[in-house]
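Working through the structure, step by step
Below, each chain spelled out in residue letters.
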Amino acid sequence: MPQTVITLSTHGQGLYEFTDQAAEFVRAGTSAGSTSSDGLLTVFVRHTSCSLLIQENADPDVQTDLNAFFRRLVPPSSDPSMRWIVHTTEGPDDMPAHIKTALTQVSIGIPVMRGRLTLGTWQGIYLFEHRDRPHRREIVLHLSV
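Our subject in this report is the structure included herewith. (Residues numbered from 1 in each chain as written. Predicted model: local features only at pLDDT ≥ 70, side-chain atom pairs only at ≥ 80, totals over all residues. Heavy atoms only, no water.)

Let's talk about the overall build of the chain
Cut-off, in case you're wondering: Numbering of helices and strands starts at the N terminus; helices are DSSP runs of H or I of at least 4 residues and strands are runs of E of at least 2. To sort residues, take the accessible area from a 1.4 Å probe on protein chains only and compare it with the maximum for the residue type: under 20% means buried, over 50% means exposed, and anything in between is partly exposed. In what follows, residue pairs with any heavy atoms lying within 4.5 Å of each other are defined as contacts.
Of regular secondary structure, the chain possesses 3 helices and 8 strands. From first element to last, N terminus to C terminus, the chain shows the α and β order β-β-α-β-β-α-α-β-β-β-β. By its C-alpha atoms, the chain is 55 × 30 × 20 Å across when sized along the principal axes. Counting the 145 residues in the chain, one finds 41% classified as buried. Within the chain, contacts between residues at least 6 apart in sequence are counted, and of these 81% link residues at least 24 apart.

Structure follows, in structure tokens:
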């Protein structure tokens, strides 16, 4: 069962697509086109202040709207509505990042058929960065065929 870790460098809050890297990993780990290459790709991010999404990758407005929604849903701890936050030692974006991660997911399973990810036409795999400053995020890919 092949496994690898990919590292994404982020430059602040937003969505970072890595569909091509995941698809290449699956291609390299299977006999593309063979029914014996059916299985499951598990994607796991090793951090508590970012998450994973499968989302539309055709219109960048979708990403803009998702970012705006989550910023409104969970503003920084410096916002007056967030005075109840206790964990503030790592900055006003840290605890809100943990909350956003809790509302989304850190692991995704994607079926593999004939050596290919079974994503829909407009679907992409994204790291959803919830912190303001740049980070290097590690994502584990595990292929079960």
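A word on the nonpolar core
Quick reminder of the rule: We call a set of buried residues a nonpolar core when its members are Ala, Val, Leu, Ile, Met, Phe, Trp, Tyr or Cys and they connect through side-chain atoms within 4.5 Å of each other.
In terms of nonpolar packing, the biggest core is built from 22 residues, with Phe-18, Leu-41, Val-43, Leu-117, Leu-127, Ile-139 and Leu-141 touching the most fellow members. Among the secondary structure elements, those contributing two or more residues to this core are strand 1 (3–10), helix 1 (19–29), strand 3 (39–45), strand 4 (50–56), strand 5 (107–113), strand 7 (123–129) and strand 8 (135–144). Here this core takes 4 residues from helix 1, the largest share from any one element. Setting aside chain neighbours within four positions, we find Leu-141 in contact with Pro-2, Gln-3, Thr-4, Ile-6, Phe-18, Gln-21, Ala-22, Phe-25, Leu-41, Thr-42 and Val-43.

Topic: the sheet that holds strand 1
So the rule is basically this: Pairing between strands is defined by DSSP: at least two bridges between them are needed.
On the basis of which strands lie adjacent, the open sheet formed by 5 strands has the order 1-8-3-5-6 and antiparallel pairing. Edge positions in the sheet fall to strand 1 and strand 6 (116–117), since each has one partner strand and no second. Summarising the sheet, strand 3 and strand 5 pair through 6 bridges and their orientation is antiparallel. Following the sheet pairing, Val-43 is matched in strand 5 by Ile-108.

A closer look at a nonpolar patch on the surface
This is how the line gets drawn: Residues with no salt bridge and a relative accessible area higher than 30% make up the patches, which join like charges within 9 Å and nonpolar side chains (Val, Leu, Ile, Met, Phe, Trp, Tyr) within 5 Å. Here, Shrake-Rupley sampling with a 1.4 Å probe gives the accessible areas, and only protein chains in the shown set may cover a residue. Counted as salt bridges are all cases of a side-chain nitrogen of Lys or Arg within 4 Å of a carboxyl oxygen of Asp or Glu.
Residues Phe-69, Leu-73 and Leu-103 make up a contiguous nonpolar surface patch of about 300 Å² in total accessible area. One can find Phe-69 in helix 2 (residues 60–73).

Let's talk about the packing of aromatic side chains
Two descriptors summarise a pair of aromatic rings, namely the distance from one centre to the other and the angle between the planes of the rings. Filter applied, for reference: Working definition: a ring pair exists when centres of Phe, Tyr or Trp rings (six-membered ring for Trp) sit within 6.5 Å. Plane angles under 30 degrees give stacked, over 60 give edge-to-face, the rest tilted.
Within the structure shown, the criterion is met by 2 aromatic pairs. Ring geometry for Phe-69 and Phe-70: centres 5.3 Å apart, planes at 85 degrees, overall edge-to-face. The class of Phe-69 is partly exposed, set by a relative accessible area of 46%. Their ring planes at 90 degrees and their centres at 5.3 Å tell us that Phe-70 and Phe-128 sit as a pair that is edge-to-face. In this pair, Phe-70 is assigned in helix 2 and Phe-128 in strand 7, connecting sequence segments 58 residues apart.

A few points about the pattern of salt bridges
Applying the stated criterion to the full structure yields 5 salt bridges. Here Arg-131 ties to Asp-93 by a salt bridge, and the two come within 2.9 Å at their closest N and O atoms. Within this pair, whereas Arg-131 is found in the loop between strand 7 and strand 8, its partner Asp-93 is found in the loop between helix 2 and helix 3 (94–103), the two being separated by 38 residues in sequence. The class for Arg-131 is buried, based on a relative accessible area of 6%.

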